[in-house]
Amino acid sequence: MTKTAKAKGLLMEHAPRTGSRRLAVTETEQRLRIRLAACYRVFDYLGWTESIFNHITLRVPGPETFFLINPFGLHYREVTASNLVAIDIHGNPVRPAEYPVNLAGFVTHSAIHERIPAAHCVMHTHTTDGSAVACLEEGLSHDTFYGAQLHGRVAYHDFEGVTVNTEERERMIASIGEKRLVILRNHGLLAWGETLEEAFMWLWTLQRGCEIQIAAASAGRLRRLSAQVLAQTRLEAAGNQPEICKSAFDALVRRVDTADTSYRN
């Protein structure tokens, strides 16, 4: 771990960042903006929020490599399709931006987007149960319905402080390997997927595993599952099934839509 001479702020260089480029917004990007904004509202509905912190990023396909991230300073319930910030892999906005970007979000997410080609969507949370499991020496238990689905799928990365130092990116990628779920020790949870819906399903499964583990631990010892059962349950995981991933996410978007559709703006 590299030590720094002084603390770094959480904002990127300029706030707000104006950017020197002006890429046009394509129909594909507009569709993804609405989908990602809906995801922020789903997280809010589920209680997966941490004030103005944490991030969900989504890569926009095309000849230019850039991704969408939430504007720093807004709560998830304030995120809309139009105020999402588009930045390239170096953190530079691809068009004028009204809001700044969180440095910790850029460092973590850009590392994964850049080094793992299949990682089109990255999600990070600090839920209470998720962070509690991240603080446990043994980490996630696989002796639950959801934990069993994740047997052999979870990577661990040691805590190095607030993720604002770019030097940590290499170590983080080495820790992740090819696993799509990461428990950031003493910190929180992270998931990535080839689609937003896949990333969400994996994160939802991990979150449920953490919730049940913490609840069960307060009542007694977890009953162990056999290696055969773990292997079979791993094969049947919902995250492996694209149609299930989409259906589960769509159901939550419909729930959000009954209360507020302003995220589409």
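Calculation notes
Residues numbered from 1 in each chain as written. Predicted model: local features only at pLDDT ≥ 70, side-chain atom pairs only at ≥ 80, totals over all residues. Heavy atoms only, no water. Axes fitted to C-alpha atoms, helices over the stretch in contact; angles between N-to-C directions. Helix = DSSP H or I, 4+ residues; strand = E, 2+ residues; numbered from the N terminus. Parallel < 35°, antiparallel > 145°, perpendicular 65-115°, else oblique. Contact = heavy atoms within 4.5 Å. Nonpolar A, V, L, I, M, F, W, Y, C, P; charged D, E, K, R; others polar. Buried < 20%, exposed > 50% of the residue type's maximum accessible area, 1.4 Å probe, protein only. Pairing = 2+ DSSP bridges.

Caption draft 1: Looking closely at the packing of helix α6 (residues 196–217) against helix α8 (residues 242–257). Running from N to C, α6 and α8 cross one another at 85 degrees; their axes reach a closest spacing of 8 Å. Taken together, α6 and α8 sit at an angle that is classed as roughly perpendicular. Residues Leu-196, Glu-197, Glu-198, Phe-200 and Met-201 of α6 touch α8, and the partners they reach there are Ile-244, Cys-245, Lys-246, Ala-248, Phe-249 and Leu-252. The residue inventory of the contact of α6 with α8, partitioned by class, reads eight nonpolar, no polar and three charged.

Caption draft 2: How the structure looks around the pairing of strand β1 (residues 55–60). Buried residues dominate β1, accounting for six of its six residues. Covered by surrounding structure in β1 are His-55, Thr-57 and Arg-59 together with Ile-56, Leu-58 and Val-60, the residues of both alternating faces. With four bridges joining them, β1 and strand β4 (residues 121–125) adopt antiparallel strand pairing. Across the sheet, Ile-56 pairs through a bridge with Met-123, a residue of β4. Examined bridge by bridge, β1 and strand β2 (residues 66–69) share three bridges and lie antiparallel to one another. Across the sheet, Arg-59 pairs through a bridge with Phe-67, a residue of β2.

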